[in-house]
Amino acid sequence: MLFNSISFLLFFPVVCALYFAIPASRVRIRNGLLLLASYYFYMNWEPAYALLLMASTIVTWGAAIAMDWRSAGNRYRRWWVVVSIVLNLAVLALFKYYSFLTDSLSDALQMTGATIRIPSLHLLLPVGISFYIFQAVGYTIDVFRGTVRAERDFATYALFVSFFPQLVAGPIERSGRLLPQLREEHHADYDNVMAGLRMMVWGYFMKLVVADRCALYVDAVFNNLPMHNGGSCLLASLLFPFQIYGDFAGYSLIAIGTARVLGFRLMDNFRCPYLSCSVGEFWHRWHISLSTWFRDYVYIPLGGNRLGRSRQYLNLLLTFTVSGLWHGANWTFVCWGTFHGLLLCMEKRLGIGQRQYTGLSRLCHWGTTFLLICMGWVLFRAATLHDARLVYAAIFTRMSVPDLSFAMFTEVFTALVAITVMMGCEIYLSRKFRQLPVSRHAVRLSAMVMQAAVILLFGVLGGDQFIYFQF
Amino acid sequence: MKRRLFYTLLCILLALFLVDRLGGMLMSQIARHTQDVLGPKLRSLDEGITADVVLMGTSRCHHHYVPSILSDTLGMSVYNAGVGGSDNIFSHYLVLRHVLSHHTPKVICLDVMTSDFAPETAPFLALSYFAPLFGHCEEADSLFMLAGTYWRYKLSHLYRYNAKAASNILGLVMNRQKDAEEGYMPLPKPAQVPLGPIKEKLVTGRDTLKLDYLRRFIGLCRNKRVMLVFVVSPRLTIVEGNQYKALKAIAQENGVPFLDYHGQQLYHNHPEYFKDALHLWDEGARVFSSRFASDLRQLVNQ
């Protein structure tokens, strides 16, 4: 079930009504309802894949209990954490990376003249597998480190892994934040509901008006690269960053808003990333739940910045390459991750982003960072490395005015207006701590209604997938 | 607290309903006065076309058939009802329904494409262009039901103008109708002559629902005693195989003449007539219209 589908707009009010109809003190019954709703939500894609979700839940729950056993020795605990991580990552590798690995191996062998037939499994990628597995693995490591106690109640833990607002595309929540909330009473709070609804409407605006409008042009260009000149490729490359931001930040806001209506607080996933003045700052503002996950569970265990400068660069490169691979089983994502890793190493070496910039210096740093990030997004969007090369070649060698039909011109024009509105509001609200300039209730409600009207008129309501679902 | 929440949500829904209805009225006025491409075409569909010959299809129809040239040769009034991006038979069927609800032409020419019979991922997407006509023709509304958008259009008046909202608004300040002629919209000369014919993939799949609607299309014309002609206007592409086999079979089965200019590789030696691989620009369209007019005259006189 997609957040931007009619079925979700029916599903969510029903879940809310049932949830709040149960007395707040009956936490277990409420959690049971949310667990059922979450599995129903997930099974709308492919019921069979709920078994994978359940298997991952059982393995991580059991391993955590085993680790938390009073008499468990250090070696025993280590064994359990390894079993849990290996099993989870094996599932991820099988479903997400098997074809990529076998294809890459075949290609490599073919280059040496050898041929080998590796059976292909033709497995469909289960929606959100990277997200829930990372959340579950993060929990196991937290228990191993002793930062959280193992959750004894299976239903509560199963809800932690499958909580429907953030199940399929994050934010990847930490056990230390979400698990305690699942044990608390949540009353139907007016402010929470209204704040949640406002976030949801803004999220829908970002997804349906900004991202999906941009997508009409971006897809037209990237799906038919040889037909487009440098200007068209450049325009598409400049629109895609806003498409992916609108898509993913929009999804995150809908997820956070949905949870907020029910009384839960999920972590912020984006903080105006395109205002960053360095790539390092960008990663503090973009997909925060994932970048902090990689920082805590990959970068720091690798040694972080504690083992000297060259080791820090290596750790950064490794972390970002793995992060790229997490995004998709394709060399384009690996290159995208490595590109960001390299940029970060260069920044560390040159001391960029170590201080606050002002005036012209800030503008230059912002502009350079934005262009570098846009260059990276080309790798992310292109279907193959060859396509990415075509885009770069077109931009740098065949530059001319973008070839736009009037129909496409209106789409791009609408997208640009929507981007301006989105970025303007983001900048303003981020400075004013996400508060409207007037505290009058009626003005806030009117703004929400007008946003909904704009979505009806300019939103692409065809039920398109969110980009991050494929990860 | 719960009461306050209930009343606030009720207020939001009422306000949204009001904004939707008022916005719908405003957009309807904009659609009535816009000088964009689709708005005037939908107006003429809604208010009634009176021409003897009506041409239907996608952008290839919209930009390929010059009514004045056809009219001079045939001695009949001609209207080009082609709608850019209208994609496939579902949209053409909807247009036909609207035309026939007001008027019965003598001849209908449908510019067909592979999308009229081949499976697509979003076959009903283009129907959204015709959403402003929702509620004006009961049978055409059944197509919105089929597309799964009926209740969206029923509930939201604003949403009916979603597909072309920006174009309609821009059409208030930019006149795109100044070169239009009875529904025909000339394409400008391209900056570069397209390269020679490019290779096109042979389409082998069949969508049974589309074929069913093609038969319904033919049946409607036959019931109204309208002469129907299928046409494939020139394309600067080469296909290995019979691209329109499914369409030709249906045409033959129902006695519908089929003029395949693509199969004849017409103007493949004149890439200067094309704007791109799929569209003729104005000069090419005028040359083609003369050729098509004489072929159609022969068919009409038979």
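Quantities reported herein were computed from a predicted structural model and do not represent experimental measurements.

All right, on to the overall build of chain B then. The helix and strand inventory of chain B stands at eleven helices and seven strands. Taking 2.2 N^0.38 as the reference for a compact globule, 302 residues should give roughly 19 Å; the C-alpha atoms of chain B span a radius of gyration of 21 Å, in line with that estimate. When the backbone C-alpha atoms are referred to their principal axes, chain B occupies close to 75 × 40 × 40 Å. Within chain B, the fraction of its 302 residues that count as buried is 45%. Residue pairs at least 24 apart in sequence account for 83% of intrachain contacts in chain B once pairs closer than 6 positions are excluded.

Moving on: the interface of chain B and chain A. Put simply, an interface is often sized by how much accessible area is lost when its parts join up. The interface is formed by 25 residues belonging to chain B together with 18 residues belonging to chain A. Among the secondary structure elements, those contributing two or more residues to the side of chain B that touches chain A are α1 (2–33) and α8 (165–170) of chain B. In terms of residue count, α1(B) provides more of the side of chain B that touches chain A than any other element does, ten residues in total. By residue class, the composition of the side of chain B that touches chain A is 15 nonpolar, six polar and four charged.

Once that is clear, we can look at the nonpolar core. Core analysis: the largest hydrophobic core is formed by 212 residues, its most contacted members being Val210(A) and Val54(B). Considering every element that reaches this core, the biggest residue donor is helix α8 (residues 190–222) of chain A, with 20 residues. Beyond its immediate chain neighbours, meaning those up to four positions away, Val54(B) contacts Ile49(B), Tyr79(B), Ala81(B), Val99(B), Pro105(B) and Ile108(B).

Two measures define how a pair of helices packs: the angle their axes make with one another and the distance between the axes. Residue and element names in this part refer to chain A. Between helix α9 (residues 230–261) and helix α15 (residues 385–397), the shortest axis-to-axis distance is 7 Å and the interhelical angle comes to 120°. As far as their axial angle goes, α15 and α9 are oblique. Where α9 crosses over α15, the handedness of that crossing is left-handed. Of the residues in α15, those in contact with Gly230, Cys233, Leu234 and Ser237 of α9 are Val391, Ala394, Ile395 and Thr397. The residue inventory of the contact of α9 with α15, partitioned by class, reads five nonpolar, three polar and no charged.

Looking now at helix α12 (residues 309–327) of chain A. The terminal C-alpha atoms of α12(A), which comprises 19 residues, lie 27 Å apart, in line with the 27 Å expected from a rise of 1.5 Å per residue. Lining the buried residues of α12(A) we find α5 (129–145), α11 (288–299) and α13 (331–350) of chain A.

Let's shift gears to the packing of α11(A) against α12(A). Residue and element names in this part refer to chain A. Their axes nearest at 11 Å, the elements α11 and α12 cross at an angle of 125°. Relative to α12, α11 is oriented oblique. Crossing handedness for the pair α11 and α12: right-handed. In contact with Phe294, Val298 and Tyr299 of α11, α12 contributes Asn315, Thr319, Val322 and Ser323. Residue classes in the contact of α11 with α12 are distributed as four nonpolar, three polar and no charged.

Definitions and limits used
- Residues take numbers from 1 onward in each chain, read along the sequence in its written order.
- Written order determines the labels here, with chains lettered from A and ligands numbered from 1.
- Selection of residues for local features in this predicted model requires a pLDDT of at least 70, selection of side-chain atom pairs for listing and counting requires 80 or more, and totals for whole chains, interfaces and linings are taken over all residues.
- Strands are runs of DSSP state E lasting at least 2 residues, helices are runs of H or I lasting at least 4, and numbering of each runs from the N terminus.
- Each radius of gyration is computed over the set of C-alpha atoms, and the globule rule expresses the reference value as 2.2 Å times the number of residues to the power 0.38.
- A residue is called partly exposed when the number of other C-beta atoms within 10 Å of its own lies between 12 and 20, exposed at 12 or fewer, and buried at 20 or more, with C-beta atoms placed from the backbone.
- Throughout, a pair of residues is in contact if the C-beta atoms placed from their backbones lie within 7 Å.
- Gly is placed with the polar residues, together with every amino acid not listed as nonpolar (Ala, Val, Leu, Ile, Met, Phe, Trp, Tyr, Cys and Pro) or charged (Asp, Glu, Lys and Arg).
- Working definition: the nonpolar core is a set of buried Ala, Val, Leu, Ile, Met, Phe, Trp, Tyr and Cys residues, joined through C-beta atoms within 7 Å.
- The axes are straight lines fitted to the C-alpha atoms, using for helices just the contacting stretch, and the angles between their N-to-C directions are given from 0 to 180°.
- Angles are sorted into four bins: roughly parallel if under 35 degrees, roughly antiparallel if over 145, roughly perpendicular if 65 to 115, and oblique for all others.
- Two helices that cross are described as forming a left-handed crossing if the nearer one is turned anticlockwise from the farther one by less than a right angle, and a right-handed crossing if clockwise.
- By definition here, a helix of n residues has an expected span of 1.5 Å times n minus one.

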